[in-house]
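One-letter residues, chain by chain:
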Amino acid sequence: MRIADLCAFYTPSGGGVRTYVEAKLRAASRFGHEVIVIAPGRHHEVIRRGPGAILVTIPAPQLPVDRRYRYFNDEAAVHAALDAWQPDHVEASSPWSSATMVGRWHGAASRSLVMHSDPMAAYAYRWLGGFAPRSVIDRWFAWFWRHLRGLGRMFDSVVSANAELTNRLRDAGIANCETVRMGVEAGRFSPAMRSTRLREEMLGALGLGADATLLVGAGRFSAEKRWEMVLRATGEAARGRKVGLVLVGDGARKARLELLAERLPTTAILSRIDDRDELARLFASADALVHGCEAETFCMVAAEARASGLPLIVPSCGAAADQLVAGAGMLYRAASEVSLERAIDRFIDRGPELQRAAAARASQVRTIDEHFAELFERYEALGSQAIAGEATAVDVAGLASAQQLAMG
């Protein structure tokens, strides 16, 4: 198949979506397909990444709230790109205007909406969750659910990476939803990457000894990730315990996080790590991953940490909790700084080493190739259904013509 991915969230400096898209481009030829990722960019460009792997950029303006990202604003240009490449299947990865553009395209390809974002959890529930339950917030944002139901009718399938989001979409009346879980890069993340020396160096840089607990966080520095909450909760836990936090990433809130970390002596902010082996060593060498965001659709970083044999301290809502192993980490009440602080305390009280051992035993996770195998197989099935539907329509039209001739 030729698969076009209209990927509104792709940027070379991005986080989980960039990691996922790059993996898809590498996987394309292995599965006998061609993948064309169409992304918003500074100017028009066609970059061949390898056999069956092409990145196309369309000129697009920057997002005012995060200028690392751009957004599609030219429907004619999007349609022209799809017309030029003539895909068999089209993905849209944003539930906003770019998905509507794909839905309105007149091409014959089957199409899927892949929920790389969960806007209600990232924004509405986060902003208003302290005032009203989710059921009430859903009523306040009924316009959004109407919009999603309309998109659902434009697409053959709406794909989610976790069952909780799939169920919420179905409950909202989007019937053609399905769960296709993602995975991690095979052979990259492993407990075998653990380095006692690296762990002690990181703790030493925080002014702590080897008997302290080293927490690590990683991801995009944006509001919905709740890194300020993670820093403050860790800082409070550090008042009575030997615990440090290394936070790795980049984004619009970096300067604010650095200012906060300056007031917390056992926390540090590091720039994003592009070397995947270096990131794997850091994960395997820490004592736990701590995560703040309850709006993750898959949470690649939690899956990579689990593959590294790393216990998790994660919120009770969202996809990060899907990766939690029994006896290897803690859940805390989502969006609660106090609950997170107590979860860090409980994690230390129960023994980080015992929990690391439990995490290492359960470090075999679904691989990204297993994900793509299932996803591409699903797209082939959708394409076959579309062809069968067209053939049936032709047969019906032919039968009607024959009946008219016979009656004439």
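In what follows, the structure referred to is the one given above.
Residues numbered from 1 in each chain as written. Predicted model: local features only at pLDDT ≥ 70, side-chain atom pairs only at ≥ 80, totals over all residues. Heavy atoms only, no water.

Across the sheet, which stays open at both edges, the six strands sit in the order β13-β12-β11-β14-β15-β16 with parallel pairing between neighbours. Bordering the open sheet on either side are β13 (267-271) and β16 (329-332), each of which pairs with just one other strand. Taken pair by pair, the neighbouring strands of this sheet meet at an average axis angle of 25 degrees, ignoring direction. Of the strands in this sheet, β11 (213-220), β12 (243-250), β13, β14 (288-290) and β16 touch helix α9 (residues 227-237), which is tilted by about 165 degrees from β12. (Pairing = 2+ DSSP bridges. Helix = DSSP H or I, 4+ residues; strand = E, 2+ residues; numbered from the N terminus. Axes fitted to C-alpha atoms, helices over the stretch in contact; angles between N-to-C directions. Contact = heavy atoms within 4.5 Å.)

Read from one edge of the open sheet, eight strands run β3-β4-β2-β1-β7-β8-β9-β10, paired in mixed fashion. Each end of this open sheet is capped by a strand with a single partner; those strands are β3 (45-50) and β10 (177-179). Taking the axes of each pair of neighbouring strands and ignoring which way they run, one obtains an average angle of 25 degrees across the sheet. Direction of pairing for β3 relative to strand β4 (residues 53-59): antiparallel, over a ladder of five bridges.

Turning our eyes to something else, we now look at the side chain of Asp287. The topology assignment puts Asp287 in the loop between α11 (276-285) and β14. According to the relative accessible area criterion, Asp287 is buried, its value standing at 1%. Polar side-chain contacts of Asp287 include one of 3.0 Å to the side chain of Arg199. Engagement of the side chain of Asp287 in a polar contact is seen with the backbone nitrogen of Leu214, the distance being 2.7 Å. Beyond its immediate stretch of four places on either side in the chain, Asp287 contacts Arg194, Arg199, Ala212, Thr213, Leu214, Leu310, Pro311, Phe347, Pro352, Glu353 and Arg356. (Buried < 20%, exposed > 50% of the residue type's maximum accessible area, 1.4 Å probe, protein only. Polar contact = N/O pair within 3.5 Å; in protein donor to acceptor, adjacent residues only side chain to side chain.)

Moving on, we come to the environment of Thr196. By secondary structure assignment, the location of Thr196 is in helix α8 (residues 196-205). Each C-alpha atom, one on Thr196 and one on Ala284, is 9.6 Å from the other, the two residues being 88 residues apart in sequence.

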